[in-house]
Amino acid sequence: MKPNQEFSNIFVRYDLNALHKDFKAKGSKTKLPRSSLQVVIDTVIAGENETISDVVQQALTQHTPLEVIREGLIRGMEEVGYLWRERIYYLPQTLAASDTMQIGIEICEAKMGHSYKKKAVVVTHTADGDLHDLGQKIVNALLRASGFEVIDLGKDVPVEEVLVAVEKYHPIMLTGTAGLTLTMNAFERISQELSHRGLELPFVCGGGGGVTADFVTSFQFGIYGADAAQAPQMAEDALAGKSWLELRKKYNG
Ligand code: B12
């Protein structure tokens, strides 16, 4: 069989920035100008954090800060959530879009003089001794895109710090990420301590290494999350009053 000698397109598929520029260039030839909110949406999708401030300021001349957040920044990030679920966007694009959205939200909140009202609080963390926080970062981005307030405890978080955060912020859901088989046992200790302190809430755990559905459902409150994209719907379910056992049944069979 003759090998394919045509290599000119091999890098095109993943070059989303180029695709986006092409899309914008085509759009600019049409007669209809994009609304300022549409520009906000497109800027978030493209993860253009150098231009988002100007774009948001422009939108704020025509819309209230809350409209810019809900109809621009969050709409853009919802689209990014879809692109992530469909495996069209990868980590860098998703995280860049999330940062872009955050910059925009801060500008709008500064104009309002207060934070905008979120649906509910979710506490997220990466296990004690563990630096594998990319899964958690995606979870944070998608939850924020769905209007939840994320208390991001970061990586390598001691068990006690997680419990203190649960007591302080009263989240509707707690999440844990671990990349190492060695560190995931911290989830079990958190579960035992939650029970000990009479704190009952869904504790969604995901990650690599030995973090499997069997492991996570072996301890109280544990629900296994195979993909960060599940986090927003899990939080919606918790907000609607579903118990951790109901969530476990729904997501882990
Ligand atoms: C990147 C990486 C690193 C980076 C981490 C950078 C960072 N900021 O995260 C660095 C270089 C720091 C690193 C270090 C180490 N690493 Co490493 N690392 C990886 C690697 C290549 C990718 C992991 C990753 O980020 N995947 C992408 C993210 C998105 O996946 P994820 O976290 O699993 O999240 C997905 C799901 O699990 C889920 N999810 C996760 N959390 C949650 C939460 C909720 C609520 C939900 C719903 C879903 C969900 O959603 C995500 C997908 O959408 C893996 C190998 C591999 N291919 O997996 C090894 C790997 C995890 N590392 C490994 C090891 C051994 C190490 C080191 C010990 C190496 C060393 N000798 O120093 C150190 C340990 C450092 C430490 N203390 O943590 C081993 C672990 C083996 C094991 N079974 O324990 C692996 C599997 C490599 C291997 N095959 O040996 N590593």
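These figures come from a predicted structure and were not determined experimentally.

Caption draft 1: Representation of the coordination of the cobalt atom of the ligand. Exactly one donor from the protein chain reaches the cobalt atom of the ligand: His132 (NE2), at 2.3 Å. For histidine 132, the location among the structural elements is in the loop between strand 1 (121-126) and helix 6 (134-145).

Caption draft 2: Fine view of the sheet that holds strand 1. A sheet is described by the order of its strands in space; here 5 strands give the open sequence 2-1-3-4-5, paired in parallel fashion. Two strands bound the open sheet, and with one partner strand each, they are strand 2 (149-152) and strand 5 (222-224). Averaged over all pairs of adjacent strands, the angle between strand axes in this sheet comes to 25°, irrespective of strand direction.

Caption draft 3: Structural view of the packing of helix 4 (residues 65-85) against helix 5 (residues 91-112). At a minimum axis distance of 10 Å, the contact between helix 4 and helix 5 shows a crossing angle of 170°. One way to sum up the angle between helix 4 and helix 5 is to call them roughly antiparallel. Residues Pro65, Leu66, Val68, Ile69, Leu73, Met77, Val80 and Trp84 of helix 4 touch helix 5, and the partners they reach there are Leu91, Thr94, Ala97, Ser98, Met101, Gly104, Ile105, Cys108, Lys111 and Met112. The residue makeup of the contact of helix 4 with helix 5, split by class, is 14 nonpolar, 3 polar and 1 charged.

Caption draft 4: A look at unusual backbone geometry. With a phi angle near 50°, histidine 170 is a residue other than glycine that sits in the positive phi range. Within the fold, histidine 170 resides in the loop between helix 7 (159-169) and strand 3 (173-178). Residue histidine 170 is classed as exposed on the basis of its relative accessible area, which comes to 63%. Positive phi, close to 75°, is recorded for phenylalanine 221, a residue that is not glycine. Note on placement: phenylalanine 221 falls in the loop between helix 9 (213-216) and strand 5. Phenylalanine 221 sits in the buried class, given a relative accessible area of 1%.

Caption draft 5: Structural detail: the site of the ligand. As a structural note, the neighbourhood of the ligand is formed by 24 residues, with Leu131, His132, Asp133, Thr177 and Thr181 the closest of them. In this structure, threonine 177 approaches the ligand through a side-chain N or O atom, which is 2.8 Å from a nitrogen atom. For the ligand, an oxygen atom lies 2.9 Å from a polar atom in the backbone of alanine 228. Of all the secondary-structure elements, those providing two or more residues to the shell around the ligand are helix 6, strand 3 and strand 4 (203-207).

Caption draft 6: Focus on the confidence of the model for the protein. Taken as a whole, the protein shows an average pLDDT of 89; of its residues, 87% reach a score of 70 or greater. Note that residues 9-15 has pLDDT below 50 and, in this model, 3 contacts with residues that lie over four places away or in other chains. Ignoring residues within four places in sequence, the model shows residues 25-30, a span with pLDDT below 50, making 0 contacts including any to other chains.

Caption draft 7: Summary view of the pattern of salt bridges. The final tally for this structure, using the stated rule, is 11 salt bridges. Residue arginine 34 is joined to aspartate 42 by a salt bridge in which the shortest nitrogen-to-oxygen separation is 2.5 Å. Looking at arginine 34, the relative accessible area reads 44%, which means it is partly exposed. The class for aspartate 42 is buried, based on a relative accessible area of 5%. Salt-bridge contacts for lysine 155 lead to aspartate 133; the nearest nitrogen and oxygen are separated by 3.9 Å. With lysine 155 in the loop between strand 2 and helix 7 and aspartate 133 in the loop between strand 1 and helix 6, this pair connects stretches of sequence that are 22 residues apart. For lysine 155, a relative accessible area of 42% corresponds to the partly exposed category.

Caption draft 8: Geometry of the pairing of strand 3. Within strand 3, 6 of the 6 residues are buried, which leaves it mostly tucked inside the rest of the structure. Strand direction decides the pairing type here: strand 1 and strand 3, joined by 5 bridges, are parallel. If you follow valine 122 over to strand 3, its bridge partner there is methionine 173. Pairing between strand 3 and strand 4: 5 bridges, direction parallel. When the sheet's bridge partners are listed, glycine 176 is paired in strand 4 with cysteine 205. Where the polypeptide runs from strand 3 across helix 8 (residues 185-196) and back to strand 4, its parallel neighbour, the crossover connection is right-handed.

Caption draft 9: Looking closely at the side chain of threonine 94. Examined against the element boundaries, threonine 94 turns out to sit in helix 5. There is a polar contact of 2.9 Å between the side chain of threonine 94 and the backbone oxygen of tyrosine 90. Apart from residues lying up to four places away in sequence, threonine 94 is in contact with Met77, Val80, Trp84, Tyr89 and Ile138.

So, how was this worked out
Residues numbered from 1 in each chain as written. Predicted model: local features only at pLDDT ≥ 70, side-chain atom pairs only at ≥ 80, totals over all residues. Heavy atoms only, no water. Donors = N, O, S within 2.8 Å, 3.2 Å for Na, K, Ca; no water. Helix = DSSP H or I, 4+ residues; strand = E, 2+ residues; numbered from the N terminus. Pairing = 2+ DSSP bridges. Axes fitted to C-alpha atoms, helices over the stretch in contact; angles between N-to-C directions. Parallel < 35°, antiparallel > 145°, perpendicular 65-115°, else oblique. Contact = heavy atoms within 4.5 Å. Nonpolar A, V, L, I, M, F, W, Y, C, P; charged D, E, K, R; others polar. Buried < 20%, exposed > 50% of the residue type's maximum accessible area, 1.4 Å probe, protein only. Near = heavy atom within 4 Å. Polar contact = N/O pair within 3.5 Å; in protein donor to acceptor, adjacent residues only side chain to side chain. pLDDT = per-residue confidence, 0-100. Salt bridge = Lys/Arg side-chain N within 4 Å of Asp/Glu carboxyl O. Right-handed = clockwise from strand over helix to strand, strands pointing away.

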